[in-house]
Amino acid sequence: MTNTDKPLPQDLAARIAGWSAFANQYTVFSRTWYYYRLRAYALHLLVLGLILLIIAALIGGEAEKPGVARSLFALWSVVALALTLGRGLATLASRQEWAPPREALAVVAAIMLAIVAILPLTMLTRTGPSPTGIALVNLSIWFLALCWLGGVLDLFAYFRQRRMLHEAGLQQEVERYKHERNEVETRLAVLASQVEPHFLFNTLSGVRAAMLSDPARGIILIDHLVSYLRSTIPQLRADQGRPFVTLGSQLDSIFAYLGIIQTRLPRLSYEVECDPELRDVAIPPLMLISLVENAVKHGIELKKGPARIHLQARRNADNMLELSVSDDGIGFSAVTVGSGIGLSNIRERLAHLYDGQASLSLVAGEPEGVIARIILPLTALTEETH
């Protein structure tokens, strides 16, 4: 048995509905919408004209026929103008590319102007004089009829459609923002995953060198490394999907890392300085340890004699977070001027995350060495930044 409640296919339903269905697929008061509306009204006006002709032919009395014919023709003309004039003016107004408020005002004015202009023509539909009271009632009825025929209902559809299109545009912007954010987070996760093995490989290389030269010291270094990995690897794995972590967690990892380096290089001394109130601020993961590693590899390891690394986190005069890693190593050389995985990743991640509000700079230290400085907005770590 055929299910009569099943909807028709969309293309079949559109063909059955006629030209009005095609018009509804376009923006109200657009040129294509008006074209299909005219085609739909043409059939209605043709049928109305035939009916009025039949009525005029059937009316008896030769003396009455001319006046009745004029009234019926006036009636057909009023209906034709009501269906086409206001919508045509509104379509013309909507094509002027005005600002949305001005366009809406012009469309309303076009519909109402057409109704007011056609209203006096309704008096031609009368076959004779009428009392004042009846004439006012007729004008009131004609005014309501012209509002219905002249496009007032289309005005409601126009404003409803504008609101829905605006909401759809906002939804598209939200979806585009989510897509771009997911792309950025994926890119940041890739960048972070490049830094982690880079650091681990360098550290394990130091362990191997220590085991060859001084096994006892190598064992101590391995113990420090195990403690470091036990405390930091879970954190690194958890933070890869996050663009921000706490400054305190990164400082703890750096302190453990420098302890490993000091075991391998006893001539190294270090200091980590941070106000307690700044430990909960949000920073991108793995940036600071990359700068510290860069200072060790390109400054401290190449220097003979005592060496020192100083890491400082503070709030500067512009109420920005300033992170600096300074060393008294050999200073600038061909390998320390902003090259390598660590520094290039930091610059790229800062550009992604802060849109030009953060920076990384390297300057010469006094009397020697390099100072790497990151300046970024001071933001507390919240669920949103996670």
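Structure first, text after, so check above.
Residues numbered from 1 in each chain as written. Predicted model: local features only at pLDDT ≥ 70, side-chain atom pairs only at ≥ 80, totals over all residues. Heavy atoms only, no water.

## A few points about the pattern of salt bridges
Phase 1: For the structure shown, the criterion picks out twelve salt bridges.
Phase 2: Residues Arg 37 and Asp 154 are paired through a salt bridge, measuring 3.2 Å at the closest nitrogen-oxygen approach. Here the residue Arg 37 occupies a position in helix H3 (residues 31-58), and Asp 154 occupies one in helix H7 (residues 152-213), the gap between them amounting to 117 residues.
Phase 3: Arg 176 is the partner of Glu 173 in a salt bridge, and the nearest nitrogen-oxygen pair spans 2.7 Å. (Salt bridge = Lys/Arg side-chain N within 4 Å of Asp/Glu carboxyl O. Helix = DSSP H or I, 4+ residues; strand = E, 2+ residues; numbered from the N terminus.)

## Things to note about the packing of aromatic side chains
Phase 1: Taken as a whole and assessed by the stated rule, the structure comprises seven aromatic pairs.
Phase 2: Measuring from centroid to centroid gives 5.2 Å for Tyr 158 and Phe 159, while their planes differ by 70°, and the two rings are edge-to-face.
Phase 3: For Phe 159, a relative accessible area of 37% corresponds to the partly exposed category.
Phase 4: Summarising the aromatic geometry, the rings of Phe 244 and Tyr 354 are spaced 5.8 Å apart at their centres and angled 70° between planes, so their arrangement reads as edge-to-face. Of this pair, Phe 244 sits in the loop between helix H8 (215-239) and strand S1 (245-246) while Tyr 354 sits in helix H11 (residues 340-354), and the two are 110 residues apart along the sequence.
Phase 5: Classification of Phe 244 by relative accessible area gives buried; the value is 12%.
Phase 6: These aromatic residues form a ring-pair network of at least three members: Phe 29, Trp 33, Tyr 158 and Phe 159. (Phe/Tyr/Trp six-rings, centres within 6.5 Å; stacked < 30°, edge-to-face > 60°. Buried < 20%, exposed > 50% of the residue type's maximum accessible area, 1.4 Å probe, protein only.)

## Topic: unusual backbone geometry
Phase 1: A positive phi is found at Phe 29, a non-glycine position, where the angle reads about 70°.
Phase 2: Within the element layout of this structure, Phe 29 appears in the loop between helix H2 (19-23) and H3.

## So, the sheet that holds strand S5 (residues 320-327)
Phase 1: The strand order across the open sheet formed by five strands is S2-S4-S5-S7-S6, and the pairing between neighbours is mixed. The sheet is open, and its two edges are formed by strand S2 (268-274) and strand S6 (359-364), each paired on a single side. Each neighbouring strand pair of the sheet contributes to a mean axis angle of 10°, computed without reference to strand direction.
Phase 2: Looking at chain direction, S6 and strand S7 (residues 370-377) are connected through six bridges and run antiparallel. Paired with Ala 364 across the two strands is Val 370, which belongs to S7.
Phase 3: Contacting S2, strand S4 (307-315) and S5, helix H9 (residues 247-264) runs over the sheet at an angle of about 170° to S2.
Phase 4: Helix H10 (residues 287-300) contacts S2, S4, S5, S6 and S7 of the sheet and is inclined by roughly 20° relative to S5. (Pairing = 2+ DSSP bridges. Axes fitted to C-alpha atoms, helices over the stretch in contact; angles between N-to-C directions. Contact = heavy atoms within 4.5 Å.)

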